[in-house]
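Observations on chain architecture
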Amino acid sequence: MKFIHLADAHLDSPFHGLSFLPSKTFENIYQASDQSLKKIVDLAITEKVDLVLIAGDTFDSNHPSPHSQLFFAEQIKRLTEAKIQVVMIFGNHDHMQIEDLLVEPSEYFKLLGADEKVERATFTTKTGFNYDVVGFSYLHNHITEDKLNEFPKEKNNFTFGLMHAQEKTTTKSQNVYAPFSLSAMRDLNYDYFALGHIHLRQILSQKPLIAYSGNIQGRHINELGEKGCYLGEVNESSNGVKLVFVPTSPIIWQKRTIELDSALSKNELSEKIKAINDLEQRSFLSIRLSGAEFLNDEEVDLVQDSDFWQNLSQYLPFNSQIVDLRLITGQRQLSLNNSDRLSFEKAAEEIFSTNEFRKIISIWAKKDKLATDISEDNSFKQEVENLTRIKLSRKLKGLLNDTETD
């Protein structure tokens, strides 16, 4: 038998922080998750798979838009009309009632564990191969108990586990998404465990096979590379599984670093960015300028202007876009004496301590949820620190030059 494992479609995802893009480009981004899901359904029909497993967070919220509901229902109908079995669970984002779905009732569509209780369902392929799917859906956005304790240990048929969850951590406050231990999951000895929630595609165990398929479309610069689904084929004699990743996302996020080792003009800086030509498909780029202390104040202001990004993007292949440009300090040091350098580093350590940083941005961070989330992001803190160091270095360098000419 053949199956597809997908998760974390996040239909209706808002794609924060990209409002500076032209409206047509932003619309393409907003539709990217829809396009990726449609490609997965196309793949299922073309490959004549027997089963599609959907491991949670199909929607970005538990109140999805009518558009996303209707679009999803249309894609499920395409599968059920092709007599492809669909087994779905809700995750922490789309914790809903089955009655809230607009999917037409069909013997080929099953929402598993709708009451947040582990459920086992048995199916048979067209060739007479019997298999079970065991899993549960969220009714609330948090589940703190280890649901693996409810999974049946005995199995007669080829068995799929289906769960939207994360591994237990030592931080108790983080264990709110059906926390599990990998050893306990292995001990169940299911033939394939299809996981959702973690957006990074990864295989946690080969024997038995336990995998996160990742999300189907990267939503921001921290979700890099190709996204899509797993296509699996079961050897009906040995129960072995052959698994391949199939990319389906129309847009990917990538990072590139440009090393600066000396002062340069605005035109020279622009040419370095335009020279990025190793892209293989449409990409959203985050560019790191390492050695940013070589930039003067005008150049620092220029590279932080999204209009500058848009101007340079037209030179990139595949209609790619620069959506993020960050300044990174290199190894060049200020010419300070030991005493001044120690004072500089001590002041930096104090200012950029976690508590002091939160105190400085506390008023801004309370403005809305997005500001709160960004303020807790370590990459944002690092970006602020880098920019502050660059700005301060420029000012200190100016003061040193003035002192030397006095």
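Residues numbered from 1 in each chain as written. Predicted model: local features only at pLDDT ≥ 70, side-chain atom pairs only at ≥ 80, totals over all residues. Heavy atoms only, no water.

As annotated in an unreviewed UniProt entry, the protein chain is DNA repair exonuclease from Candidatus Lactobacillus pullistercoris.

A closer look at the overall build of the protein chain
Scanning the protein chain from terminus to terminus reveals 11 helices and 15 strands. For the protein chain, with 406 residues in total, the buried portion stands at 49%. Pairs at least 24 residues apart make up 70% of the contacts formed inside the protein chain by residues separated by at least 6 positions. Accessible surface, the protein chain as shown: approximately 20,200 Å² in total, 49% of it carbon and sulfur. (Helix = DSSP H or I, 4+ residues; strand = E, 2+ residues; numbered from the N terminus. Buried < 20%, exposed > 50% of the residue type's maximum accessible area, 1.4 Å probe, protein only. Contact = heavy atoms within 4.5 Å. Areas by Shrake-Rupley, 256 points an atom, 1.4 Å probe, with all protein chains shown as cover.)

Let's talk about the nonpolar core
Counting 31 residues, the largest nonpolar core has Ile 4, Leu 6, Val 52, Phe 72 and Leu 101 as its most contacted members. When residues of this core are traced back to their parent elements, those giving at least two are strand E1 (2–6), helix H2 (32–47), strand E2 (51–55), helix H3 (66–81), strand E3 (85–89), strand E4 (109–111) and strand E11 (228–234). Not counting chain neighbours up to four residues away, the residues in contact with Val 52 comprise Ile 4, Leu 6, Ala 44, Leu 79, Ile 84, Gln 85, Val 86 and Val 87. Formed by 23 residues, the second largest nonpolar core is a distinct cluster that contains Ala 55, Leu 112, Val 133 and Phe 158. (Core = buried A, V, L, I, M, F, W, Y, C linked by side-chain atoms within 4.5 Å.)

Points about the sheet that holds strand E8 (residues 192–196)
The pairing of strands in a sheet comes from backbone hydrogen bonds and takes either a parallel or an antiparallel form. Here we have 6 strands laid out as an open sheet, ordered E5-E6-E7-E8-E10-E9, and mixed in their pairing. Two strands in the sheet have a free side with no partner beyond their single neighbour: strand E5 (119–124) and strand E9 (202–205). Within this sheet the neighbouring strands show an average axis-to-axis angle of 20 degrees, counted without direction. Strand direction decides the pairing type here: E8 and strand E10 (residues 209–212), joined by 4 bridges, are parallel. (Pairing = 2+ DSSP bridges. Axes fitted to C-alpha atoms, helices over the stretch in contact; angles between N-to-C directions.)

Remarks on the pairing of E3
In the case of a regular strand, side chains alternate between the two sheet surfaces. With respect to burial, E3 is a largely interior element, 5 of its 5 residues being buried. Here E3 shows a buried face lined by Gln 85, Val 87 and Ile 89 and a second buried face lined by Val 86 and Met 88. Pairing of E2 with E3 involves 5 bridges; the strand directions are parallel. Bridging across to E3, Ile 54 finds its partner in Met 88. Each parallel crossover has a hand, and the one from E2 via H3 to E3 is right-handed. Summarising the sheet, E3 and E4 pair through 3 bridges and their orientation is parallel. Paired with Val 86 across the two strands is Phe 109, which belongs to E4. (Right-handed = clockwise from strand over helix to strand, strands pointing away.)

Re the sheet that holds strand E12 (residues 241–247)
Taken together, 6 strands build an open sheet; the order of strands is E4-E3-E2-E1-E11-E12 and the sheet is mixed. Of all the strands in the sheet, just E4 and E12 have a single pairing partner and so form its edges. Between one strand and the next, the sheet's axes are offset by a mean angle of 20 degrees, whatever the strand orientation. Relative to E12, E11 runs antiparallel, the two being bridged by 7 bridges. Bridging from a neighbouring strand, Tyr 230 pairs with Phe 245 of E12.

Here's the deal with the side chain of Asp 8
By secondary structure assignment, the location of Asp 8 is in the loop between E1 and helix H1 (23–30). The side chain of Asp 8 sits in the buried core without any salt bridge; Arg 219 is the nearest counter-charge, 7.4 Å away. Within the structure, Asp 8 has its side chain in polar contact with the side chain of His 10 (distance 3.5 Å). When residues no more than four places from it in sequence are discounted, the contact partners of Asp 8 are Gly 56, Asp 57, His 164, Gly 196, His 197, Ile 198, His 199, Asn 215 and Ile 216. (Lys, Arg positive; Asp, Glu negative; His and termini not counted. Salt bridge = Lys/Arg side-chain N within 4 Å of Asp/Glu carboxyl O. Polar contact = N/O pair within 3.5 Å; in protein donor to acceptor, adjacent residues only side chain to side chain.)

Some remarks on the confidence of the model for the protein chain
Low pLDDT marks regions whose predicted coordinates should not be analysed in detail. For the protein chain, per-residue confidence averages 88 on the pLDDT scale, and residues scoring 70 or more make up 83% of the total. Here residues 397–406 is modelled with pLDDT under 50, and outside its nearest four sequence neighbours on either side it reaches 4 contacts, counting other chains as well. (pLDDT = per-residue confidence, 0-100.)

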